[in-house]
Amino acid sequence: MSRTIYYTATTLDGFLADPSDSLDWLFEVPAEEGSASRRFEDFMAGVGGILMGSSTYLWILDHEKVLESPEKWQEWYGGKDCVVMTTRELPAVPGVRFASGDVRPVHASLVASGKDVWAAGGGDLVGQLADAGLVDELWVSIAPVTLGAGKPLLPRVLTAKDLTLTKVEPDGQFVHLTYEVTRR
Ligand SMILES: NC(=O)c1ccc[n+]([C@@H]2O[C@H](COP(=O)([O-])OP(=O)(O)OC[C@H]3O[C@@H](n4cnc5c(N)ncnc54)[C@H](OP(=O)(O)O)[C@@H]3O)[C@@H](O)[C@H]2O)c1
């Protein structure tokens with residue numbers, strides 16, 4: 001059965017990005033080849049659909065210069081149904097479609113393949129899915145960084161009734177936590 005998984009890196013104080021959408025703090029953490037990249041590859045092999053907000057999409061386009069080399073998108077996300085939530089008209093990349101408003105029908109279209117859905121962020125968009133009871137798991141890699149302010153990991157109230165810790169994996173300077181989300 002398809003699972004909807006919020007897989008992301010975060011700071012220790014719960015931010016996805018700094019206030020100006022920079023991820024420099026993330027790339028400064030010494031990376032270790034191995035279990036983290038294998039986990040992500042295995043995860044992506046099970047993913048059929050990807051949902052992200054416009055800031056995340058625009059960050060990828062800008063940071064990875066995707067508009068200059070659109071084949072990069074295919075390389076990373078080829079064959080997956082990728083939806084960007086936005087109220088604006090944004091530059092398009094082959095393989096991406098845009099939607100706005102209620103996340104429930106969008107989510108329904110993403111689970112149609114029967115494969116997992118990667119809720120890629122940002123936090124409020126995943127919150128919209130959680131509000132609708134559509135998130136199954138959180139996969140969170142915590143970096144040894146605090147920012148004090150920025151784009152929040154998940155700006156909703158989820159308590160121990162909602163979240164069950166199922167795995168703890170050290171990854172070099174990161175720790176990767178997996179939680180099951182109780183659907184209400
Ligand atoms: N640390 C990590 O691994 C990680 C993971 C994910 C993201 N990030 C970064 O974290 C930041 C997240 O930014 P963010 O918090 O602003 O979140 P975001 O979800 O990427 O973007 C939010 C925007 O998406 C659009 N949107 C969201 N829900 C919508 C809906 N239901 N209908 C229509 N449009 C909708 C709105 O923009 P418009 O309508 O104005 O277009 C909204 O302002 C980005 O910089 C991203 O690169 C980091």
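Shown above is the structure to which this text applies.
In what follows, the accompanying structure is described. The shown structure was predicted, so the numbers you read here are calculated from the model rather than taken from an experiment.

Within the protein chain one finds six helices and 10 strands. Taking 16 Å as the expected radius of gyration for a compact globule of 184 residues, we find that the protein chain reaches 16 Å, a close match to that expectation. Every one of the 184 residues in the protein chain was classed for burial, and the buried ones make up 45%. For the protein chain, contacts bridging at least 24 residues in sequence account for 73% of all contacts bridging at least 6. Of the roughly 9500 Å² of accessible surface on the protein chain, 54% is carried by carbon and sulfur atoms. For the protein chain, the distance from the average site of its 16 positive side-chain charges to the average site of its 26 negative ones is 6 Å.

Applying the stated criterion across every chain yields a total of 13 aromatic pairs. Pairing Tyr 57 with Trp 73 gives two aromatic rings, centres 5.7 Å apart and planes at 75°, and the pair type is edge-to-face. Note that Tyr 57 is positioned in helix H3 (residues 54-63) and Trp 73 in helix H4 (residues 71-77), a separation of 16 residues in sequence. Relative accessible area serves as the criterion here: at 1%, Trp 73 is assigned to the buried category. Linked through ring pairs, Tyr 7, Phe 40, Phe 43, Tyr 57, Trp 73, Trp 76, Tyr 77, Phe 98, Trp 118 and Trp 139 together constitute an aromatic cluster.

Cut-offs used in this document
- Residues numbered from 1 in each chain as written.
- Predicted model: local features only at pLDDT ≥ 70, side-chain atom pairs only at ≥ 80, totals over all residues.
- Heavy atoms only, no water.
- Helix = DSSP H or I, 4+ residues; strand = E, 2+ residues; numbered from the N terminus.
- Rg over C-alpha atoms; globule rule 2.2 N^0.38 Å.
- Buried < 20%, exposed > 50% of the residue type's maximum accessible area, 1.4 Å probe, protein only.
- Contact = heavy atoms within 4.5 Å.
- Areas by Shrake-Rupley, 256 points an atom, 1.4 Å probe, with all protein chains shown as cover.
- Lys, Arg positive; Asp, Glu negative; His and termini not counted.
- Charge placed at Lys NZ, Arg CZ, Asp CG, Glu CD.
- Phe/Tyr/Trp six-rings, centres within 6.5 Å; stacked < 30°, edge-to-face > 60°.

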